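# What the coordinates show
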Amino acid sequence: MKPGTRAASALVLFAALLGGAAARGMDAIRISDEVHLGVASCATSVCHGKLDQQDNENVWLNEYRIWTSQDRHAQAYRTLLSDESKQIARKLGLANAATAKICLDCHADNVPEDKRGPKFQITDGVGCEACHGGSARWIESHAEAEATHADNLAKGMYPTEDPLARASICLSCHMGTQDQYTTHRIMGAGHPRLAFELEAFTANQPAHYAVDEDYVARKGDISGFRLWLTGQLESAERQLELLASPLLAPGGMFPELAFYDCHACHHAMDDLRWSIAQAGAGVEPGTLRLQDQHLRVLTIVARQLDGEPDAAELRRATESLIASGQAGIAQTRDQAGALLQWIRARQDGWSGRTLDAVQARRIRLALLAEAARGGMSDFSDAEQVFLAVESLTFFLGDADAHRARLDALFESVEDDSRYRPGDFVRAAARARDGFQ
């Protein structure tokens, strides 16, 4: 990791994925309700297009320059013009990736035609309004001296400062929805595998605001720990919603394979990975296993925050879900629905909790202990362990003291094509001992 920065490691881990983030999902209706005026409407020198940060204002006013020069969201549409995207389109039978709805929904602010203002350009990619909502009703009034954030929200601005709302809009593309999902077919054509962790992605997003006293007064504060936990909850909920949806059974011989652990199949034949500790009851060697990384993380969180009874309940429900993935579509949907109720019953309480450093240290150590035991050795689990440990370490402010351990843990998950579970387990064990 580079000194003084939030892991260059995490940037490498999902740099290829950031170009496809947009606002197309469970909250897409809220984003698309208002007319989108386009990036040019925000980019003048008297608005958000200044060259430098303005210290005498409550916002920086150089947000457009940051977006164009540093933010991968600004490059999202251009990605569709690349040779790689053209090859993917051909393999999928699409005439043009840059005009296909399935691509534009996550590589641009692809609102309906009747919601596009005179300066709107689809070629802008994932612009301001893809995350902040259509600005037609608030673009003028939000700059007035007497305007409040509540006024802006009432006129259609999207509440990105709310952790659940932020997670929902990010997950719309970083995980997907029933109508917009990176399926096994799409990945088979060449699209990168998707991964997401809300706090890490937020930290590595080029900042275009400061959480200072003024920001907190207007919008509140979200500590890294709270944002991380909310992201895990919302990611688990989204995954369960998708499992319970028709997307799981698209027709044909197989279920939607993107729901299963990619690396159960995508590894060298002499790299034997199945283990009793990781597989769980009912999962035989050589069979596919549903992904459960966020549920496994939440089980560890539940044990630390609410005690063993809640953790045991979640663990049993997760094991039933994994076993159902070996049994059939109907069973999987039923188990996903039951787990979804469990998550939703705790979502607001957990997301709204103010958690302290003692709890963060306990969760960090528990994650590493489970990983060292071999219980988080699927690549998607290992990836979330690293991102969680990194996020919690930066929240606790002891990253410099543990930099070598974080680097070693990252190196074990840096490249999924070279991932070896044994290397990760050993790195987790060393980190666990160092974090004691």
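Residues numbered from 1 in each chain as written. Predicted model: local features only at pLDDT ≥ 70, side-chain atom pairs only at ≥ 80, totals over all residues. Heavy atoms only, no water.

## Considering the side chain of Ser412
Basically, it comes down to this: We count a stretch as a helix when DSSP gives it H or I for four or more residues in a row; a strand needs E for two or more, and each element gets its number in order from the N terminus. Residue burial is assigned from relative accessible area. The probe radius is 1.4 Å, only protein chains are included, and a residue is buried under 20% of its type maximum, exposed over 50%, and partly exposed in between. Under the rule applied, a polar contact is a pair of N or O atoms within 3.5 Å (in protein, one hydrogen donor and one hydrogen acceptor; residues adjacent in sequence only if both atoms are side-chain atoms). Contact between two residues is taken to exist if any of their heavy atoms lie within 4.5 Å; hydrogens are not considered.
Here Ser412 lies in the loop between α20 (403-411) and α21 (421-435). The class of Ser412 is buried, set by a relative accessible area of 10%. Side-chain polar atoms of Ser412 contact the backbone oxygen of Leu409, separated by 2.6 Å. Discounting residues that sit within four places of it in the chain, Ser412 has contacts with Tyr419, Asp423, Phe424 and Ala427.

## So, the packing of helix α13 (residues 224-243) against helix α17 (residues 329-351)
Each pair of packed helices gets described by two things: the angle between the helix axes and the distance between those axes. Heads up, the rule is: In this analysis, axes come from line fits to C-alpha atoms, helices being fitted only over the stretch in contact, and the angle between any two N-to-C directions falls in the range 0 to 180 degrees. By the definition adopted for this analysis, an angle is roughly parallel if under 35 degrees, roughly antiparallel if over 145, roughly perpendicular if from 65 to 115, and oblique otherwise. Helix crossings fall into two classes, left-handed where the near helix is turned counterclockwise from the far one by less than a right angle and right-handed where it is turned clockwise. Ten residues, namely Ala, Val, Leu, Ile, Met, Phe, Trp, Tyr, Cys and Pro, are considered nonpolar, four, namely Asp, Glu, Lys and Arg, are considered charged, and the remaining ones, Gly among them, are considered polar.
Between α13 and α17, whose axes approach to 8 Å, the crossing angle comes to 155 degrees. It follows that α13 is roughly antiparallel to α17 by the angle criterion. The hand of the α13/α17 crossing is left-handed. Contact residues: α13 offers Arg226, Leu229, Thr230, Leu233, Glu234, Ala236, Glu237, Leu240, Glu241 and Leu243, while α17 offers Thr332, Arg333, Ala336, Leu339, Leu340, Ile343, Arg344, Gln347, Trp350 and Ser351. Grouping the amino acids of the contact of α13 with α17 by side-chain chemistry returns 10 nonpolar, four polar and six charged.

## A closer look at the state of the cysteines
Our working definition: By convention in this document, the label disulfide applies to cysteine sulfur atom pairs within 2.5 Å.
On inspection of all chains with the given rule, the structure shows one disulfide. You can see Cys131 has no disulfide; the closest cysteine sulfur is in Cys170, sitting 6.5 Å from it. Cys265 takes part in no disulfide bond, and the closest cysteine sulfur to it belongs to Cys262, at a distance of 9.1 Å.

## Here's the deal with unusual backbone geometry
Although it is not a glycine, Leu61 sits at a positive phi angle of roughly 70 degrees. When you line up the elements, Leu61 lands in the loop between α2 (28-32) and α3 (63-70). Leu61 gets classed as buried once you look at its relative accessible area, which sits at 12%.

## Observations concerning the environment of Pro421
By the element assignment, Pro421 lies in helix α21. With 47 residues separating them along the chain, Pro421 and Gly374 place their C-alpha atoms 8.2 Å apart. Setting aside residues up to four positions removed in sequence, Pro421 forms contacts with Arg273 and Ser377.

## Focus: a negative patch on the surface
Inclusion rule: Patches in this entry comprise residues that are over 30% relatively accessible and not in a salt bridge; like charges within 9 Å are linked, as are nonpolar side chains (Val, Leu, Ile, Met, Phe, Trp, Tyr) within 5 Å. Every accessible area reported is derived by Shrake-Rupley at a probe size of 1.4 Å, with residue values counting cover from the shown protein chains alone. Salt bridges, as used here, are contacts in which a Lys or Arg side-chain nitrogen is within 4 Å of a carboxyl oxygen on Asp or Glu. Positive residues here are Lys and Arg, negative ones are Asp and Glu, while His and the chain termini are left out of the count. For this purpose, a charge sits on NZ of Lys, CZ of Arg, CG of Asp or CD of Glu.
The grouping of Glu140, Glu144, Glu146 and Asp151 at the surface amounts to a negative patch. Along the chain, the position of Asp151 falls in helix α8 (residues 149-154). On the basis of relative accessible area, Asp151 is assigned to the partly exposed category, the value being 36%.

## A short note on the pattern of salt bridges
Tallying each qualifying case throughout the model produces 24 salt bridges. Among the salt bridges present, the one from Arg346 reaches Asp310, with a minimum N-O distance of 3.5 Å. On the criterion of sequence distance, the pair formed by Arg346 in helix α17 and Asp310 in helix α16 (residues 308-327) is long-range, its members being 36 residues apart. Among the ionic pairs, Arg432 bridges to Asp433, the shortest N-O distance being 3.0 Å. On the basis of relative accessibility, which here comes to 25%, the residue Arg432 falls in the partly exposed class. Here the salt bridges share partners, and the residues they tie into one network are Arg289, Asp292, Arg296, Asp378 and Asp381.

## A short note on the nonpolar core
Across soluble globular proteins, nonpolar side chains have a tendency to be buried as a group. Rules: Residues grouped as a nonpolar core are buried Ala, Val, Leu, Ile, Met, Phe, Trp, Tyr and Cys residues, joined through side-chain atoms within 4.5 Å.
Membership of the largest hydrophobic core comes to 70 residues, with the highest contact counts inside it found for Trp228, Leu229, Leu240 and Phe259. Sequence-distant contacts of Leu229, that is, excluding residues within four places in its chain, are made with Leu298, Val301, Leu305, Trp350 and Leu355. Judged by nonpolar contacts, the second largest core, of 12 residues, contains Ala97, Ala98, Cys103 and Ala108.

## Some remarks on helix α19 (residues 379-396)
Let me state the cut-off plainly: Expected helix span is computed as 1.5 Å times (number of residues minus one).
Compared with the 26 Å implied by 1.5 Å per residue over 18 residues, the 26 Å span of α19 between its first and last C-alpha is a close match. Of all 18 residues in α19, 16 are buried, a share of seventy percent or more.

## So, the packing of α20 against α21
One can describe the packing of α20 onto α21 by two numbers: an axis separation of 9 Å at closest approach and a directional angle of 165 degrees. Classified by the angle between their axes, α20 and α21 sit roughly antiparallel to one another. Crossing of α20 against α21: the hand is left-handed. Counting all contacts with α20, which are made through Arg405, Ala408 and Leu409, the residues of α21 involved are Phe424, Ala427, Ala428, Arg430, Ala431, Gly434 and Phe435.

## Re the confidence of the model for the chain
The condition that has to hold: Residue-level confidence of the predictor is summarised by pLDDT, bounded by 0 at the bottom and 100 at the top.
Of the residues in the chain, 93% have a pLDDT of 70 or more, and the chain-wide mean is 89. Mean pLDDT across the elements of the chain bottoms out in helix α1 (residues 8-18) (39) and peaks in helix α5 (residues 83-92) (98). A low-confidence stretch, residues 1-5 stays under pLDDT 50, and its non-local contacts, those more than four residues away or across chains, total 13 contacts. In the model, residues 7-26 has pLDDT below 50 throughout and makes 77 contacts with residues more than four positions away in sequence or in other chains.

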